[in-house]
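Next come the chains, spelled out residue by residue.
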Amino acid sequence: MMIRLLFFVAFVLLIEVYAFQAFRTLSKIKWVQYSYIILSVLILGYIIYSFTQFDRKIGQTPSTLLTFGLVLLIYIPKIILTLVMFGEDFYRIISGTISHFLGNTDRSSFLPERRKFVSQIAIGVAAVPFLSLLYGMTKGKYNFKVIKQTLFFSDLPDSFDGTTITHISDIHSGSFDDPAKIQYAVDLINEQNSDMVLFTGDIVNTHASEMHPWVDTFKKIHNPKFGKYSVLGNHDYGEYIDWPTQKEKVDNFEAIKDLHRQIDFKLLMNENVKLKSGTDEIAVVGVENWGKSFKKAGDLVKASTGLNQNDFKILMSHDPSHWEYEVKNNEQNFHLTLSGHTHGLQFGIEIPGFIKWSPVQYVYKQWAGLYENLGRYVYVNRGFGFHAYPGRVGIWPEITVIELKKAEKVA
């Protein structure tokens, strides 16, 4: 821990030196420069103090959320400043070397002076992530978007033609800090007036108690025609902190499962439920968490008990890597899989029809939106809440509405 902290401090000091060079080029006023230095030292001191106070027995708290957000907010722009200023230093060294060997003695020093316009460019570029991250922490994390998608299936039972699903994922209730915004999001869910509501896991960050202030709010989600169903996500198992005793961990897990009952969702633990309309039926299948690099508790065989290959099936599985490695070619033929987990990293660029990018795409093949393989689909919800970084930039919190249609896929 101490070695990592020392490495962090050394890295930050290097960044601070270069960032100050850019700032000093723009302002020669001494009290402004000293104020900048004092503020930078105070922020670094707060961050270091917060890191030393992190308790593995407690896990994420509002303080750690703020600290991580502050690290990104302050140091990503300064890293950009450093890269630009370092690039100028490289130019200055090359220029000084050439001048030295050519015998240019007009300069008082080996290196030419820093150019003010380079510092201005560096600060202008760094301002973009600073303002974006600041917006993400103040507004973006509650910038809920309703995304609608229509899917076509030739074998959808007739009575379910036009059925709508509202899909939410990754509530992470322990991160919330604005009751009015959460109530607004629940109202958005209800406004969709879907035939069923499906929630694909991570109701908390770690502790069941995180959801207690929000139970009454989420209980207001209307109970639709076909009901409300849910599954567990990787955070729901309480495996990211050090528990004092195994009993406390088990009790917390049982309490987390009971949260679903408290908000009137039917929690599916490697099981399925058949929904009937007239003489037709479809199956909603729910598995426990299964992730390539995470807990593998999901059991497709057990969850599919009583079903056959021809049954129309909607699978809820928190981690989309499950679809990639076990579901998409499974002989049971899961027509539609609903997942979450990635949050789209809460950071990226999305302009429909032009660009869709996030660093998380280098880890997950399916990370946000709809994907298909031989007529089988997975939809990855970008997440309702947020975790670690207390904000969202470019990848907004999502409420998905999916309409099922009986027809051949149309181009």
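Computed from a prediction, not measured in an experiment: that's the story for all the values here.

Q: Help me out: how do you make sense of the packing of helix H1 (residues 2-26) against helix H2 (residues 30-52) in this one?
A: Think of two packed helices as two axes; the pair is described by the angle between the axes and how far apart they sit. The geometry of H1 relative to H2 is characterised by a closest axis approach of 12 Å and an angle of 160 degrees between their N-to-C directions. Considering their axes alone, H1 and H2 lie roughly antiparallel with respect to each other. In this structure, H1 crosses over H2, and the sense of that crossing is right-handed. Residues Leu5, Phe8, Val9, Val12, Glu16, Ala19, Phe20, Phe23 and Arg24 of H1 touch H2, and the partners they reach there are Val32, Gln33, Tyr36, Ile37, Ser40, Leu44, Ile47, Ile48, Phe51 and Thr52. In the contact of H1 with H2, the residues fall into 14 nonpolar, three polar and two charged.

Q: Just checking my understanding: could you explain the packing of H1 against helix H4 (residues 116-138) for this structure?
A: Closest axis-to-axis distance for the H1/H4 pair is 9 Å, and the angle between their directions is 120 degrees. Considered as vectors, H1 and H4 are oriented oblique to each other. Every pair of crossing elements has a handedness; the one defined by H1 and H4 is left-handed. On the side of H1, the interface is formed by Gln21, Ala22, Thr25 and Leu26, while H4 contributes Lys116, Ser119, Gln120 and Ile123. Residue composition of the contact of H1 with H4, grouped by class: three nonpolar, four polar and one charged.

Q: Even after reading the chapter, I still don't get unusual backbone geometry, so can you show me in this structure?
A: A negative phi angle is the norm for most residues apart from glycine, just as the trans form is the norm for most peptide bonds. For Asn333, which is not glycine, the phi torsion reads 65 degrees and is therefore positive. Note on placement: Asn333 falls in the loop between helix H9 (321-327) and strand S9 (336-339). Located in the positive-phi region is Ala388, a residue other than glycine, with phi close to 70 degrees. By the element assignment, Ala388 lies in the loop between strand S13 (376-380) and strand S14 (398-406).

Q: I tried to follow the side chain of Ser194 on my own but got confused; where do I start?
A: Note on placement: Ser194 falls in the loop between helix H5 (179-191) and strand S3 (196-199). Since its relative accessible area comes to 9%, Ser194 is described here as buried. For Ser194, the residues in contact, after removing those within four places along its chain, are Thr164, Ile165, Thr166, Pro224 and Val401.

Q: How should H5 be read in this particular structure?
A: Because each turn of an α-helix spans 3.6 residues, side chains separated by three or four positions in sequence point in the same direction. With 13 residues, H5 extends 18 Å between its outermost C-alpha atoms, agreeing within 8% with the 18 Å of an ideal straight helix rising 1.5 Å per residue. Ile182, Ala185, Val186, Leu188, Ile189 and Asn190 are the residues of H5 that are buried. For H5, the secondary structure elements touched by its buried residues are strand S1 (145-153), strand S2 (164-168), helix H6 (215-218) and S14. Among the residues of H5, the N-terminal cap falls to Asp178, whose side-chain oxygen and the backbone nitrogen of Ala180 are separated by 3.2 Å. Looking one or two residues beyond H5, the residue adopting positive phi is Asn193, at roughly 50 degrees.

Q: Would you take a moment to explain the packing of aromatic side chains for this structure?
A: How two aromatic rings sit relative to each other is set out by the distance from centre to centre and by the angle between their planes. Evaluated as defined, the whole model comprises 15 aromatic pairs. One Lys or Arg, Lys313, reaches over the ring of Phe334 and ends 6.0 Å from the middle of that ring.

Q: Mind showing me how you'd approach the sheet that holds S13 here?
A: Sheets are built from strands that pair by backbone hydrogen bonding, the pairs being arranged parallel or antiparallel. What the six strands build is an open sheet, ordered S6-S7-S8-S9-S13-S12; its pairing is mixed. Only two strands of the sheet have a single partner each, and these edge strands are strand S6 (271-277) and strand S12 (369-373). Across the sheet, the mean angle separating the axes of adjacent strands is 20 degrees when strand polarity is ignored. Pairing between S12 and S13: five bridges, direction antiparallel. Opposite Leu370, over in S13, you have Tyr379 as the bridge partner.

How each quantity is defined
- Residues numbered from 1 in each chain as written.
- Predicted model: local features only at pLDDT ≥ 70, side-chain atom pairs only at ≥ 80, totals over all residues.
- Heavy atoms only, no water.
- Axes fitted to C-alpha atoms, helices over the stretch in contact; angles between N-to-C directions.
- Helix = DSSP H or I, 4+ residues; strand = E, 2+ residues; numbered from the N terminus.
- Parallel < 35°, antiparallel > 145°, perpendicular 65-115°, else oblique.
- Left-handed = near helix turned anticlockwise from the far one by under 90°.
- Contact = heavy atoms within 4.5 Å.
- Nonpolar A, V, L, I, M, F, W, Y, C, P; charged D, E, K, R; others polar.
- Buried < 20%, exposed > 50% of the residue type's maximum accessible area, 1.4 Å probe, protein only.
- Expected span 1.5 Å × (residues − 1).
- Polar contact = N/O pair within 3.5 Å; in protein donor to acceptor, adjacent residues only side chain to side chain.
- Phe/Tyr/Trp six-rings, centres within 6.5 Å; stacked < 30°, edge-to-face > 60°.
- Lys NZ or Arg CZ within 6 Å of the ring centre and 35° of its normal.
- Pairing = 2+ DSSP bridges.

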